[in-house]
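Residue strings, one per chain:
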Amino acid sequence: MSTLLLDRSRLELRSEGGALAVYEAGERRGTVPVSLLDRCIIHGASTRLDSGVLLQLAEAGVSTVLFSPRTARRVAIVLGPSHNDAAVRLAQARRVHDDARCRAWALGLVRAKLRRQLRLQRQWLAARPDARKPLTDASQALAQALSRLPQMPLAGADLPDLATLRGIEGAAARAHFAGLAAVVPPSLGFTGRNRRPPRDPVNVLLSLGYTLLHAEAVQACHAAGIDPLLGFYHQPSWGRESMASDLMEPLRPAIDAWAWQMVRSRTLTLDHFSMDRGACLLGKAGRAEFYGTWAKDLRPWRRCLRHLAMRLVRELRAEGEPWLAHADDADDEAGIDDTAGAWTQTEAF
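Just so it is clear, the model here is predicted, and its values are computed rather than measured.

Procedures and definitions
Residues numbered from 1 in each chain as written. Predicted model: local features only at pLDDT ≥ 70, side-chain atom pairs only at ≥ 80, totals over all residues. Heavy atoms only, no water. Helix = DSSP H or I, 4+ residues; strand = E, 2+ residues; numbered from the N terminus. Areas by Shrake-Rupley, 256 points an atom, 1.4 Å probe, with all protein chains shown as cover. Buried < 20%, exposed > 50% of the residue type's maximum accessible area, 1.4 Å probe, protein only. Pairing = 2+ DSSP bridges. Salt bridge = Lys/Arg side-chain N within 4 Å of Asp/Glu carboxyl O. Phe/Tyr/Trp six-rings, centres within 6.5 Å; stacked < 30°, edge-to-face > 60°. Expected span 1.5 Å × (residues − 1). Core = buried A, V, L, I, M, F, W, Y, C linked by side-chain atoms within 4.5 Å. Contact = heavy atoms within 4.5 Å. Axes fitted to C-alpha atoms, helices over the stretch in contact; angles between N-to-C directions. Parallel < 35°, antiparallel > 145°, perpendicular 65-115°, else oblique. Left-handed = near helix turned anticlockwise from the far one by under 90°. Nonpolar A, V, L, I, M, F, W, Y, C, P; charged D, E, K, R; others polar. pLDDT = per-residue confidence, 0-100.

Visitor: Can you walk me through the overall build of the chain in this structure?
Guide: When helices and strands are counted, the chain shows 10 helices and 11 strands. For the chain, the computed accessible surface area is about 16500 Å², with 51% contributed by carbon and sulfur atoms.

Here it is in structure tokens:
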């Protein structure tokens with residue numbers, strides 16, 4: 001499956017049968033069959049399309065993600081028909097209030113994330129032995145943080161509470177990003193994580209990568225029948241897709257490694273970025289490189305998100321089934337397939 005990236009000025013998207021036609025300044029540039037698309041990303045405010053195009057994309061199960069024209073902020077996401085498994089939603093809503101289950105879930109996420117961070121520090125050390133001191137310090141701090149996490153299974157009362165887990169995770173993140181700072185070029189000005197807006201190229205890549213991964217997690221929730229708003233580690237909050245944040249948490253180190261590789265390979269250099277009133281911005285040429293590489297490398301992350309979502313669904317469905325008022329079989333025909341394709345290429349205009 002493919003990604004349609006719209007990142008130029010004066011673009012218009014029109015529906016033509018089973019395809020989308022792309023026009024630039026009124027001139028036809030090409031067509032893309034909707035059946036080959038899995039995602040449409042609109043990065044800018046000057047692209048024109050009508051509700052018929054959005055409807056065609058949604059009916060085909062193609063998600064449309066709209067980004068701010070200047071930052072890595074996702075403004076909106078348009079998804080297709082949702083899953084109809086009410087048992088999953090019922091059990092998920094009840095589990096949000098089960099403190100012991102939330103603690104156990106959160107402990108698993110934090111442990112998985114810290115293990116990946118520690119493994120990544122060791123990979124960086126193998127690639128950059130000249131940065132042994134900061135990377136060794138980061139590895140030791142991460143190992144210490146991991147040692148503070150108890151082993152499962154434990155009774156609910158013996159599990160660390162969510163605030164404690166967040167404190168451990170935060171300390172580990174500071175050590176982890178100190179290690180990252182030791183292996184990226186000093187000219188990029190990365191000294192640690194910052195955001196809203198990111199103030200250096202590495203933080204731009206991290207922010208945009210996390211944002212795209214979060215959108216993937218939202219789609220994984222949507223396809224599996226999970227409510228993306230109802231998280232167990234990231235507790236429900238106004239306007240936050242907390243369960244999507246839960247699902248992506250163990251995968252954040254994969255984005256960190258990917259961002260490092262982008263600058264290490266010089267796929268993206270300082271010339272791809274600019275500064276504007278304290279905010280670092282990725283230019284159009286840089287975005288083309290970013291999205292093209294992202295589309296090729298996304299497959300294992302999507303598979304991991306889907307696996308975690310479906311594993312949770314199996315647990316929740318078993319809990320929620322007894323609470324359903326079962327309807328006739330004919331009422332169940334609106335279900336959708338929970339499978340999702342993977343990006344294998346990017347069509348950019």
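Visitor: What is the right way to read the pairing of strand E10 (residues 279–282) from this model?
Guide: For a regular strand, side-chain orientation follows a simple rule: the groups alternate between the two sheet faces. Here E10 shows two buried faces, one formed by Ala279 and Leu281 and the other by Cys280 and Leu282. Between the end of strand E9 (residues 273–276) and the start of E10, which pair antiparallel, lie 2 residues, with Arg277 showing a positive phi angle near 55°.

Visitor: I keep staring at the pattern of salt bridges and nothing clicks. Help me out?
Guide: When their charged atoms lie close together, side chains carrying opposite charge are able to pair. One pass over the full model with this rule turns up 15 salt bridges. Of the charged contacts in the structure, one is a salt bridge between Arg29 and Glu24, with a shortest N-O distance of 2.2 Å. Classification of Glu24 as partly exposed rests on a relative accessible area of 22%. Note that Glu249 is salt-bridged to Lys113, the shortest N-O span being 2.6 Å. In this pair, Glu249 sits in the loop between helix H7 (242–248) and helix H8 (252–264) while Lys113 sits in helix H3 (residues 99–127), placing the two residues 136 residues apart along the sequence. Considered together, Glu249 and Lys113 belong to a single accessibility category, that of buried residues. Each of the salt bridges in this network shares a partner with another, and the network as a whole consists of Arg95, Arg101, Glu315 and Glu319.

Visitor: How should the packing of aromatic side chains be read in this particular structure?
Guide: Each aromatic ring pair is described using two quantities: the centre-to-centre distance and the angle formed by the ring planes. The full count for this structure, using the stated rule, is 9 aromatic pairs. Where Phe177 meets Phe190, the ring centres are 6.5 Å apart and the plane angle is 70°; that geometry is what we call edge-to-face. Of this pair, Phe177 sits in helix H5 (residues 162–183) while Phe190 sits in the loop between H5 and helix H6 (201–224); the two residues are 13 residues apart in sequence, bridging distant segments of the chain. Ring geometry for Trp258 against Trp294: centres 5.3 Å apart, planes inclined by 90°, an arrangement best described as edge-to-face. Note that Trp258 is positioned in helix H8 and Trp294 in helix H9 (residues 284–297), a separation of 36 residues in sequence.

Visitor: I'm lost on helix H10 (residues 299–320) in this one. Help?
Guide: With 22 residues, H10 ought to run about 32 Å at 1.5 Å a step, and its terminal C-alpha atoms sit 31 Å apart, in line with that. Among all positions in H10, only Trp301, Arg302, Leu305, Leu308, Ala309, Met310, Leu312, Val313, Leu316 and Gly320 are buried.

Visitor: Could you clarify how one ought to interpret the nonpolar core in this entry?
Guide: One broad rule of soluble globular proteins: the nonpolar side chains tend to lie buried together. Counting 81 residues, the largest nonpolar core has Trp105, Leu114, Leu180, Ile226, Leu247, Phe290 and Trp294 as its most contacted members. Top contributing element to this core by residue count: H6, with 14 residues. Not counting chain neighbours up to four residues away, the residues in contact with Ile226 comprise Val88, Arg89, Gln92, Cys221, Met243, Ala309, Leu312 and Val313. Formed by 14 residues, the second largest nonpolar core is a distinct cluster that contains Leu6, Leu13, Val22 and Val53.

Visitor: In this structure, what is going on with unusual backbone geometry? I would like to understand it.
Guide: What you tend to see is this: most non-glycine residues have negative phi, and most peptide bonds are trans. In the segment running from Arg196 into Pro197, the intervening peptide bond is cis, with an omega of -5°. Note on placement: Pro197 falls in the loop between H5 and H6. At Ala25, a residue that is not glycine, the phi angle is positive and equals roughly 55°. Among the secondary structure elements, Ala25 is positioned in the loop between strand E3 (19–24) and strand E4 (27–33).

Visitor: How should the environment of Leu11 be read in this particular structure?
Guide: Along the chain, the position of Leu11 falls in strand E2 (residues 11–16). When the C-alpha atoms of Leu11 and Tyr23 are compared, they prove to be 5.6 Å apart, with 12 residues separating the residues in sequence.

Visitor: Sorry if this is basic, but what is going on with the packing of H3 against H8 here?
Guide: When two helices pack together, their arrangement is captured by the angle between the axes and the distance separating the axes. In contact at an axis separation of 8 Å, H3 and H8 are set at 25° when each is read in the N-to-C sense. Of the possible angle classes, the one that applies to H3 and H8 is roughly parallel. In the crossing of H3 with H8, the sense of the turn from one axis to the other is right-handed. Note on element contacts: H8 touches H3 through Arg252, Pro253, Asp256, Ala257, Trp260 and Arg264, opposite Lys113, Arg116, Gln117, Leu120, Trp124 and Ala127. Broken down by class, the residue content of the contact of H3 with H8 amounts to 6 nonpolar, 1 polar and 5 charged.

Visitor: Teacher, can you tell me more about the packing of H3 against helix H4 (residues 132–147) here?
Guide: At their nearest, the axes of H3 and H4 sit 9 Å apart, and the two run at 160° to each other. In terms of axis orientation, H3 runs roughly antiparallel to H4. Seen along the crossing, H3 lies across H4 with a hand that is left-handed. Together, Arg111, Leu114, Arg115, Gln117, Leu118, Gln121, Trp124 and Leu125 of H3 and Arg132, Leu135, Thr136, Ala138, Ser139, Leu142, Ala143, Ala145 and Leu146 of H4 make up the contact between the two elements. Each residue belonging to the contact of H3 with H4 can be placed in one class, and the counts come to 10 nonpolar, 4 polar and 3 charged.

Visitor: I'm lost on H6 in this one. Help?
Guide: Residues spaced three or four apart along an α-helix point in a common direction, a consequence of the helix completing one turn every 3.6 residues. In this model, H6 (24 residues) spans 35 Å end to end at C-alpha, consistent with the 34 Å of a helix rising 1.5 Å per residue. For H6, the tally of buried residues reaches 24 of 24 residues, placing the bulk of the element in the interior. Phi for Gly225, located one or two positions after H6, is positive at around 95°.

Visitor: In this structure, what is going on with the confidence of the model for the chain? I would like to understand it.
Guide: Low-pLDDT portions of the prediction should not be read for the details of their coordinates. For the chain, per-residue confidence averages 85 on the pLDDT scale, and 87% of positions sit at 70 or higher. Note on residues 327–349: pLDDT is under 50 here. Beyond four places in sequence and across chains, it has 53 contacts.

Visitor: How should I be thinking about the sheet that holds E2 in this particular structure?
Guide: Strands pair in a sheet through their backbones, by hydrogen bonds, and they do so in one of two ways: parallel or antiparallel. Pairing within the open sheet is mixed, and its 4 strands lie in the order E4-E3-E2-E6. The open sheet has two free edges, formed respectively by E4 and strand E6 (48–49), since each of these has just one partner strand. Sheet topology note: the E2/E3 ladder contains 6 bridges and is antiparallel. Paired with Arg14 across the bridge in E3 is Ala21.

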